[in-house]
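# Observations on the three-dimensional arrangement
Below, each chain spelled out in residue letters.
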Amino acid sequence: MTIKVGDTLPSVNLKYCPYDPSLEHACGIPQNLSTDSFKGKKVVIFGVPGAFTPTCNNSHLPEFHQKFQELTAKGVDQVICISTSDAFVMDAWGKWTKTNDKLILAADGNGEFVTATGLAQDLTKIGFGPLRSQRFALVADDLKVTYIGVETGSGVSVSGATAVLAAL
Amino acid sequence: MPYGLHNSNQIQVGDTLPSVTLKYCPYDPELSKACGIPQVLTTDSFKGKKVVIFGVPGAFTPTCNNNHLPEYKEKYDELAKKGVDQVVCISTADAFVMDAWGKWTEVSDKVIMAADGNGDFVKATGLWQDLTKVGMGAVRSKRFAMVVDDLKVTYIGVETQFGVSVSGATAVLAKL
């Protein structure tokens, strides 16, 4: 079942590399990021099928970075980007796109989050393996889902920063 | 067994390389950003060539990024002098991640950054490992290097612990 408005966010452990402008190359040691830490906060979580892939890289991720101020002006505490890559790939992607100063690029490396929320997809047919995230965005307020948009076609609409802002 | 894929025993010297389709983004010095459209690279294309294939558990991870991949880039000319036609780096990441990693480490046209995105190659050669316990999912490559001459394996070195020894460019050079 796909997670829906009114549901509670599942308790899942993600990983990420904390932003450190002095670390030019690979991440140091990935840290844990539990969804429990979102308690009492308003967070935006958006999922991408693949780091460095055209739509994710050129449209989805940059728009959230550009609209970060507008999101925080509406009470958002954190903006988290999720994929089923590991923390090293997510960290490199954040550095590559220069978005990791504002966004948290989190790794759902074993696919636990996307599986628990019904937001996984099998992309074996294009060589991406059986466990990828769908393209989505959700708003969780004190762990309760208040918005969710899952793309059904290509491109970015209901999962984009503009759509999320309109829903806040 | 994840994905129901055939689990082979580890490939050995004398074995024939299995026929597997990989993906990669051809080197294009113009493209400074994301890869264009990934192309197919089949192991069948290694027929009649001497190819070095080395596998890494994860693109952008410390050992892979700071030791394993750079050494192959640095020793490319020495490898070519010993008759190697292609040097191929494999992981279970997709072609976009592999392409970005190749650009990040500036391997240019020296190392083909190939994606075994569904784990077909590492499964068929018995060179996969489960790294769920470190949050890296169920199908990753082991750290290895092999030399394949006209599709026959003539050398294989698989790391059993941390770091780069039998899977490194230096070890492969010594065997050529």
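As annotated in an unreviewed UniProt entry, chain B carries the name Thioredoxin-dependent peroxiredoxin and is attributed to Podila minutissima. The heading Function (unreviewed entry) in the UniProt record of chain B holds the text "Thiol-specific peroxidase that catalyzes the reduction of hydrogen peroxide and organic hydroperoxides to water and alcohols, respectively. Plays a role in cell protection against oxidative stress by detoxifying peroxides."

Within an unreviewed UniProt entry, the label attached to chain A reads Thioredoxin-dependent peroxiredoxin, and the organism entered is Podila minutissima. Among the UniProt annotations of chain A, the heading Sequence similarities (unreviewed entry) holds the following wording: "Belongs to the peroxiredoxin family. Prx5 subfamily."

## Quick notes on the overall build of chain A
Counting its secondary structure elements, chain A contains five helices and nine strands. When the elements of chain A are put in sequence order from the N terminus, they spell out β-β-β-α-α-β-α-β-α-β-β-β-β-α. Taken against the 2.2 N^0.38 rule, which gives 15 Å for 168 residues, the C-alpha radius of gyration of chain A at 14 Å falls within 12% of a compact globule. For chain A, the spread of C-alpha atoms along the principal axes amounts to about 40 × 40 × 30 Å. In chain A, which comprises 168 residues, the share counted as buried stands at 54%. The long-range fraction of contacts in chain A, counting pairs at least 24 apart against all pairs at least 6 apart in sequence, stands at 66%. Carbon together with sulfur atoms contributes 52% to the accessible area of chain A, which is approximately 6900 Å² in total.

## Focus: the nonpolar core
Soluble, globular proteins show a tendency: their nonpolar side chains are buried together. Within the largest apolar cluster, 65 residues are counted, with the highest numbers of intra-cluster contacts made by A:Phe52, A:Phe64, A:Trp93, B:Phe60 and B:Trp101. At seven residues, helix α3 (residues 95–104) of chain B tops the list of elements feeding residues into this core. Excluding residues that lie within four positions of it along the chain, B:Trp101 makes contacts with B:Val56, B:Ala59, B:Phe60, B:Cys64, B:Asn65, B:Leu69, B:Cys89 and B:Met113. Grouped together as the second largest cluster of nonpolar side chains are 24 residues, B:Ile11, B:Val20, B:Met146 and B:Val153 included.

## Brief notes about the interface of chain B and chain A
At the interface, 27 residues of chain B touch 27 residues of chain A. Between chain B and chain A, the buried area comes to about 2100 Å², and carbon and sulfur atoms account for 65% of it. Counting the contacts that link chain B with chain A gives two salt bridges. Counting the contacts that link chain B with chain A gives 10 residue pairs in polar contact (both at pLDDT 80 or more). Take the side of chain B that touches chain A: its biggest share by element is five residues, from α3(B). Considering only residue class, the side of chain B that touches chain A consists of 13 nonpolar, nine polar and five charged.

## Details of the pattern of salt bridges
Residues and elements named next belong to chain B. A full pass over the atoms with the stated rule returns 12 salt bridges over all chains. Between Lys 75 and Glu 78 there is a salt bridge, with its nearest N and O atoms 3.8 Å apart. Given a relative accessible area of 22%, Lys 75 falls into the partly exposed group. The partly exposed category is assigned to Glu 78, whose relative accessible area is 38%. Residues Asp 99 and Lys 103 are paired through a salt bridge, measuring 2.5 Å at the closest nitrogen-oxygen approach. With Asp 99 and Lys 103 both in helix α3 and four residues apart, the pair spans about one turn of that helix. For Lys 103, a relative accessible area of 23% translates into the label partly exposed.

## Quick look at helix α1 (residues 62–74) of chain B
For α1(B), built from 13 residues, the straight-helix expectation of 18 Å at 1.5 Å per residue is met to within 8% by its first-to-last C-alpha distance of 17 Å. Restricting attention to buried positions, one finds in α1(B) the residues B:Thr63, B:Cys64, B:Asn65, B:His68, B:Leu69, B:Pro70, B:Glu71 and B:Tyr72.

## Considering α3(B)
Residue and element names in this part refer to chain B. Of all the 10 residues making up α3, nine are buried; the element is thus mostly covered by neighbouring parts of the structure. By the burial criterion, the buried members of α3 are Ala 95, Phe 96, Val 97, Met 98, Asp 99, Ala 100, Trp 101, Gly 102 and Trp 104. Two or three places before Phe 96, at the opening of α3, Asp 94 has a side-chain oxygen 2.8 Å from that residue's backbone nitrogen. Looking one or two residues past α3, Glu 106 carries a phi angle of roughly 55°, positive in sign.

## Thoughts on the layout of surface pockets
There is about 750 Å³ of room inside the second largest pocket. Mapped by element, the contributors of at least two residues to the lining of the second largest pocket are β1 (13–16) and α3 (87–96) of chain A together with α1 of chain B.

What counts, and at which threshold
Residues numbered from 1 in each chain as written. Chains lettered and ligands numbered in written order. Predicted model: local features only at pLDDT ≥ 70, side-chain atom pairs only at ≥ 80, totals over all residues. Heavy atoms only, no water. UniProt positions renumbered as here; feature names shortened; annotations may be inferred. Helix = DSSP H or I, 4+ residues; strand = E, 2+ residues; numbered from the N terminus. Rg over C-alpha atoms; globule rule 2.2 N^0.38 Å. Buried < 20%, exposed > 50% of the residue type's maximum accessible area, 1.4 Å probe, protein only. Contact = heavy atoms within 4.5 Å. Areas by Shrake-Rupley, 256 points an atom, 1.4 Å probe, with all protein chains shown as cover. Core = buried A, V, L, I, M, F, W, Y, C linked by side-chain atoms within 4.5 Å. Buried area = accessible area lost by both parts, 1.4 Å probe. Salt bridge = Lys/Arg side-chain N within 4 Å of Asp/Glu carboxyl O. Polar contact = N/O pair within 3.5 Å; in protein donor to acceptor, adjacent residues only side chain to side chain. Nonpolar A, V, L, I, M, F, W, Y, C, P; charged D, E, K, R; others polar. Expected span 1.5 Å × (residues − 1). 1 Å grid on protein atoms, 1.4 Å probe; cavity = no way out; pocket = protein on both sides within 12 Å on 5 of 7 lines; lining within 4 Å. Points joined across faces, edges and corners; volume = space filled by probe spheres on them.

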